[in-house]
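Here is how the chains run, residue by residue.
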Amino acid sequence: MNNKFEALGVKPADILLPKAGTDMGKWAVVACDQFTSQPEYWAEVDRIAGDAPSTLRLILPESQLNDPDVEDHINGINKAMADYLARDIFTTHPDSIIYIERTQSDGAVRKGLVAAVDLEKYDYTPGSGSLIRATEGTVLERIPPRVRVRKDAPIELPHVMLLIDDPKKTCVEPIAKETAGMEQVYDFELMMKGGHLKGWKLTGAQIDGLADALEVLTGAEAMEEKYGLTGAAPLLFAVGDGNHSLATAKTCYENWKKITPESEWAKLPARYALVEIENLHDDALQFEAIHRVVFDVDPEKLLAAFKDFYPGAHEGEGEGHTVAYTWAGGKGCITVPNPKVQLAVGTLQNFLDAYLKEHGGEVDYIHGEAVTDELGAKPGNIGFKLPAMGKDQLFKTVIADGVLPRKTFSMGHAEDKRYYVEGRKIR
């Protein structure tokens, strides 16, 4: 293995894939945190998978996370993992990185790399200077139930997606041009309108080239060129999806450290987590704004308080952060000049957090402007529409502000989220 990987917080892994002859269309299922309010979706996945080997038996859909019999679900998952290992349904691909191409619901092809990241290089604390950082605030209460799922599991299956800021497309994209000379490990249609998935193993030369390219991204010259910063701690990987899953892996690893001599930490399988790495600048990767609707408030009083909260804030467009609103009394926008944070969503969210704490009301996070207008126009409600965050703002905001406000952006539709395919032993 290229020695550079140790400093980069990423490395090849012993990746598990089902043996030839497995029905991959039944094997792969979507990330567990999708369709949480649609039990019929997961019922149909269960029907499709049937008795065939399937990652459905190895994960806990988050819609079941608070079930009264959740411990039975978790025990069933661990037994299924042990059964699959005992039945020898996996092929181990040692010291591997897999290049994947995912055809999305819109027909675009999204490129990625499946590899392991070093959890010593990851910190979800806001303001961290770690090489791998969360993009949104981590809700600590969401970690313990997920730890119960992972702590005794012999296998991990990743739905975490990490982003690299590679505008020159030096890491993933060169590999995409070389698949003719690579070993293909799968090529199949995903269930439930998930699109299509192909995967190839990187050659030794490609793995070495990837390490070299990633090293350049962490250099002082790249940090200054992209962000205008000197002396800032390099940020190589930003979590795009699955932050709480990665935080769970980190917690489990920290728990192992407590009962393991420090000299043995590097050998702990739990020290690493399997992820998919994507280039922020992949044309198929689209960021969508997540809007806000506030319920059970007096919209006029709330708008007045918004302007009082930020001295100089005014109706209409102008220089600064502009947020559009809709309520039963009409539509408009408020501009906050000289904002203290990078994004308009941060300006709005900081106000809403303070206002709702003092005056009451509820906020929901909405995809789509039409739905935001429809809900905001109902009596007692107000909807706020936010501009989509530009891709070039993501890393700069995390570096400057620590983390993004919660629910800042969405990476694509639910059907386009990562499907579980690859696995890795973590015990």
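Because the structure is a prediction, the values reported are computed rather than measured. (Residues numbered from 1 in each chain as written. Predicted model: local features only at pLDDT ≥ 70, side-chain atom pairs only at ≥ 80, totals over all residues. Heavy atoms only, no water.)

**Observations concerning the overall build of the protein chain**
Move 1: Secondary structure summary: the protein chain contains 13 helices and 24 strands in total.
Move 2: Taking 427 residues into account, the globule formula puts the C-alpha radius of gyration at 22 Å, and the protein chain, at 23 Å, falls close to it.
Move 3: By the burial criterion, 53% of the 427 residues in the protein chain qualify as buried.
Move 4: Sequence-distant contacts, at least 24 apart, represent 76% of the contacts inside the protein chain between residues at least 6 apart.
Move 5: Only carbon and sulfur atoms are counted for the fraction: they give 49% of the accessible area of the protein chain, which is about 18,700 Å².
Move 6: Averaging the locations of the 47 positively and 66 negatively charged side chains of the protein chain gives two centres separated by 3 Å. (Helix = DSSP H or I, 4+ residues; strand = E, 2+ residues; numbered from the N terminus. Rg over C-alpha atoms; globule rule 2.2 N^0.38 Å. Buried < 20%, exposed > 50% of the residue type's maximum accessible area, 1.4 Å probe, protein only. Contact = heavy atoms within 4.5 Å. Areas by Shrake-Rupley, 256 points an atom, 1.4 Å probe, with all protein chains shown as cover. Lys, Arg positive; Asp, Glu negative; His and termini not counted. Charge placed at Lys NZ, Arg CZ, Asp CG, Glu CD.)

**Some words on the pattern of salt bridges**
Move 1: Counting across every chain of the model gives 26 salt bridges.
Move 2: For Lys-19, the salt bridge goes to Asp-88, with nearest N and O atoms at 2.8 Å. With Lys-19 in the loop between strand E2 (13-18) and helix H2 (24-27) and Asp-88 in the loop between helix H4 (70-86) and strand E4 (90-96), this pair connects stretches of sequence that are 69 residues apart.
Move 3: Its relative accessible area of 45% is what places Asp-88 among the partly exposed residues.
Move 4: Across the pair Glu-44 and Arg-47 runs a salt bridge, and its minimum N-O distance is 2.7 Å. Of this pair, Glu-44 and Arg-47 both sit in helix H3 (residues 39-49), separated by 3 residues, roughly a single helical turn.
Move 5: Its relative accessible area of 27% is what places Glu-44 among the partly exposed residues.
Move 6: Residue classification places Arg-47 among the exposed positions, given a relative accessible area of 58%. (Salt bridge = Lys/Arg side-chain N within 4 Å of Asp/Glu carboxyl O.)

**Looking at the environment of Ser-105**
Move 1: Of note, Ser-105 is situated in the loop between strand E5 (98-103) and strand E6 (109-118).
Move 2: Residue Ser-105 is classed as partly exposed on the basis of its relative accessible area, which comes to 46%.
Move 3: Here the alpha-carbon distance between Ser-105 and Asp-296, two residues 191 residues apart in the chain, equals 36 Å.
Move 4: Setting aside residues up to four positions removed in sequence, Ser-105 forms contacts with His-413 and Asp-416.

**Brief notes about the side chain of Ser-54**
Move 1: Tracing the backbone through its elements, the reader meets Ser-54 in the loop between H3 and H4.
Move 2: Overall, Ser-54 belongs to the buried group, its relative accessible area being 0%.
Move 3: For Ser-54, the side chain forms a polar contact with the main-chain oxygen of Lys-26, separated by 2.8 Å.
Move 4: Excluding residues within four positions of it along the chain, Ser-54 makes contact with Lys-26, Trp-27, Val-29, Ala-49 and Tyr-84. (Polar contact = N/O pair within 3.5 Å; in protein donor to acceptor, adjacent residues only side chain to side chain.)

**Regarding the nonpolar core**
Move 1: If you look at the biggest cluster of nonpolar residues, it comprises 47 residues, and the most contacted ones within it are Trp-42, Tyr-186, Phe-188 and Val-421.
Move 2: Considering every element that reaches this core, the biggest residue donor is H4, with 6 residues.
Move 3: Among all residues touching Phe-188, those that are not within four sequence positions of it are Met-24, Gly-25, Ala-28, His-196, Leu-197 and Val-421. (Core = buried A, V, L, I, M, F, W, Y, C linked by side-chain atoms within 4.5 Å.)

**Remarks on the layout of surface pockets**
Move 1: Its boundaries defined by the atoms lining it, the largest pocket holds a volume of some 1,100 Å³.
Move 2: Taken together, 37 residues make up the lining of the largest pocket; nearest its centre are Asp-33, Gln-34, Asp-241, Lys-407 and Lys-417.
Move 3: Of all the elements in the fold, those that place two or more residues in the lining of the largest pocket are strand E13 (237-241), helix H9 (243-258) and strand E22 (409-411).
Move 4: When grouped by side-chain class, the residues that make up the lining of the largest pocket number 10 nonpolar, 16 polar and 11 charged. (1 Å grid on protein atoms, 1.4 Å probe; cavity = no way out; pocket = protein on both sides within 12 Å on 5 of 7 lines; lining within 4 Å. Points joined across faces, edges and corners; volume = space filled by probe spheres on them. Nonpolar A, V, L, I, M, F, W, Y, C, P; charged D, E, K, R; others polar.)

**Focus on the pairing of strand E12 (residues 196-201)**
Move 1: The pairing of E5 with E12 spans 6 bridges and is classified as antiparallel. Across the sheet, the residue bridging to Glu-101 is Lys-198, located in E12.
Move 2: Two elements, strand E11 (residues 183-189) and E12, share 6 bridges in a ladder whose sense is antiparallel. Counterpart to Phe-188 in the pairing with E12 is Leu-197.
Move 3: Two successive antiparallel strands, E11 and E12, enclose a turn made up of 6 residues, where Met-192 displays a positive phi of approximately 55°. (Pairing = 2+ DSSP bridges.)

**A closer look at helix H10 (residues 299-309)**
Think of an α-helix as 3.6 residues a turn; residues three or four steps apart then line up on the same face.
Move 1: Buried within H10 we find Pro-299, Leu-302, Leu-303 and Phe-306. The arc that holds every buried residue of H10, seen down its axis, measures 100°, which confines them to one face. Along H10, the residues that are exposed and aim more than 90 degrees away from the buried face are Glu-300, Lys-301 and Asp-308.
Move 2: Between the side-chain oxygen of the N-cap and the backbone nitrogen of Glu-300 there are 3.1 Å, and the N-cap of H10 in question is Asp-298. (Arc of directions from axis to C-beta.)

**Remarks on the sheet that holds strand E21 (residues 382-385)**
Move 1: Pairing is antiparallel in the open sheet, where 6 strands are placed in the order E17-E19-E18-E21-E16-E20. The two strands at the open ends of the sheet, each matched to only one other strand, are strand E17 (314-315) and strand E20 (362-366).
Move 2: The sheet contact formed by strand E18 (residues 321-327) and E21 spans 4 bridges and is antiparallel. Along E21, the bridge assignment pairs Thr-326 with Gly-383.

**Describing the packing of aromatic side chains**
Move 1: What the rule picks out here adds up to 14 aromatic pairs.
Move 2: Pairing Phe-287 with Phe-409 gives two aromatic rings, centres 4.4 Å apart and planes at 25°, and the pair type is stacked. Taken together, the residues span a long stretch of sequence, with Phe-287 in strand E15 (residues 287-289) and Phe-409 in strand E22 at a distance of 122 residues.
Move 3: Owing to a relative accessible area of 10%, Phe-287 belongs among the buried residues under this scheme.
Move 4: Judged by its relative accessible area of 8%, Phe-409 falls in the buried class.
Move 5: Taken together through their ring pairs, the aromatic side chains of Phe-306, Phe-309, Tyr-310, Phe-351, Tyr-355 and Phe-384 make up a single cluster.
Move 6: Against the face of Tyr-272 rests Lys-11, its NZ or CZ located 4.5 Å from the ring centre. (Phe/Tyr/Trp six-rings, centres within 6.5 Å; stacked < 30°, edge-to-face > 60°. Lys NZ or Arg CZ within 6 Å of the ring centre and 35° of its normal.)

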